[in-house]
Amino acid sequence: MERKPIIGISSSVIVDESGSFAGYKRAYVNKDYVDAVVRAGGVPLIIPFTTDKEVIVSQAQIIDGLILSGGHDVSPYNYGQEPSQKLGETFPERDTYDMTLLEESKKRNIPILGICRGFQLINVAAGGTLYQDLSLIPGNILKHFQGSKPTLKTHMIKIEENSIISGIFGKETMVNSFHHQALDKVADEFKVVARASDGVVEAIEHKTYKFLVAVQWHPEMLAVECEKARELFVRFIEEAKK
């Protein structure tokens, strides 16, 4: 039987707010990431958060593909800015953990998929910057944080031809949306391959790396019902098999 690729999923830390273990810290990731990988033919491996760099390097050595998952705002100090009034909660130690996983995975040339926070962190790690809140972008900006179920698609994106994303979704598609920050300066090594109608960047791809794709929306949530979202994970896992 063919060995299925091991897909590492970056995780975070959650604190129990009530019950017998109030205040207790737990390593976690939303289950939709796990389910999306299983559905697409991979073996999901949640990578526990740690501040031990040696351990993080070792974690990156045992995976065949990396998903950088969503979560806290990326600290603006990573891109040379002071915090603005509308910056959300940050987790600087996780920034370091995610960036180390990213760096080590790139050394091994394994496929990488960034989602939401992961999308933003990938850009920042390569020298890009963020808008700390959508309200800081000039013009008439769409609602990018939907107040409805995760599988509901709430706005359209336009997709550039000859991209990995266009090969899956075509010239345009509807996406869900759960973010209050956005890419500002896009790092030089990436190309923008999708935008919302208000100009907000929705997807980037590395110009030379074999598979380094990052999206602002949450395809792992859409994959519950959406065939195209599932195809993104299938393509990712196909790359991990190589």
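Everything below is about the structure printed above this text.
The paragraphs below set out a description of the structure included in this document. Keep in mind that what you see is a predicted model, and the values were worked out from it rather than measured.

What counts as what
Residues numbered from 1 in each chain as written. Predicted model: local features only at pLDDT ≥ 70, side-chain atom pairs only at ≥ 80, totals over all residues. Heavy atoms only, no water. Helix = DSSP H or I, 4+ residues; strand = E, 2+ residues; numbered from the N terminus. Rg over C-alpha atoms; globule rule 2.2 N^0.38 Å. Buried < 20%, exposed > 50% of the residue type's maximum accessible area, 1.4 Å probe, protein only. Areas by Shrake-Rupley, 256 points an atom, 1.4 Å probe, with all protein chains shown as cover. Pairing = 2+ DSSP bridges. Axes fitted to C-alpha atoms, helices over the stretch in contact; angles between N-to-C directions. Expected span 1.5 Å × (residues − 1). Arc of directions from axis to C-beta. Contact = heavy atoms within 4.5 Å. Salt bridge = Lys/Arg side-chain N within 4 Å of Asp/Glu carboxyl O.

Glancing now at the overall build of the protein. When helices and strands are tallied, the protein shows 7 helices and 13 strands. Computed over the C-alpha atoms, the radius of gyration of the protein is 17 Å, within 12% of the 18 Å expected from 2.2 N^0.38 for a compact globule of 242 residues. If you line up the protein on its principal axes, its C-alpha atoms span 50 × 40 × 35 Å. Expressed as a percentage of the 242 residues in the protein, the buried residues total 51%. Of the roughly 11400 Å² of accessible surface on the protein, 51% is carried by carbon and sulfur atoms.

Before going further, it helps to examine the sheet that holds strand S4 (residues 43-47). The strand order across the open sheet built from 9 strands is S4-S1-S5-S6-S13-S12-S11-S8-S9, with neighbouring strands paired in mixed fashion. The open sheet has two edge strands, S4 and strand S9 (172-175), and neither has a second partner. Within this sheet the neighbouring strands show an average axis-to-axis angle of 20 degrees, counted without direction. Of the strand pairs in this sheet, strand S6 (residues 112-115) and strand S13 (residues 212-215) are connected by 4 bridges, and their pairing is parallel.

The subject of this paragraph is the pairing of strand S12 (residues 201-206). Across the 6 residues of S12, 6 count as buried, placing the element largely inside the fold. With 5 bridges joining them, strand S11 (residues 190-196) and S12 adopt antiparallel strand pairing. Bridge pairing in S12 places Phe-190 opposite His-206. In this structure, the hairpin formed by S11 and S12 is closed by a connection of 4 residues, where Gly-199 is found at a positive phi of approximately 95 degrees. As consecutive antiparallel partners, S12 and S13 are separated by 5 residues.

Glancing now at helix H7 (residues 227-241). The terminal C-alpha atoms of H7 lie 21 Å apart, and with 15 residues this matches the ideal 21 Å at 1.5 Å per residue to within 8%. Of the positions making up H7, those classed as buried are Ala-229, Leu-232, Phe-233, Phe-236, Ile-237, Glu-239 and Ala-240. The arc enclosing the buried residues of H7, seen along the axis, measures out at 155 degrees, which places them on a common side. Each element contacted by the buried residues of H7 is listed here: strand S1 (6-10), helix H1 (31-39), strand S5 (65-68), S6, helix H5 (164-169) and helix H6 (219-222).

It is worth spelling out the pattern of salt bridges at this point. Under the defined criterion, the tally for this structure stands at 11 salt bridges. The salt bridge involving Lys-106 is made with Glu-189; its shortest N-O contact spans 3.2 Å. With Lys-106 in helix H3 (residues 92-108) and Glu-189 in the loop between strand S10 (182-183) and S11, the pair connects residues that are 83 residues apart, well separated along the chain. In this structure, the salt-bridge partner of Lys-171 is Glu-161, at a minimum N-O distance of 3.9 Å. Here Glu-161 lies in the loop between strand S8 (155-159) and H5 and Lys-171 lies in the loop between H5 and S9, a separation of 10 residues in the sequence. Each member of the pair, Lys-171 as well as Glu-161, carries the same accessibility label: exposed. Through salt bridges with shared partners, one network takes in Arg-94, Asp-95, Asp-98 and Arg-117.

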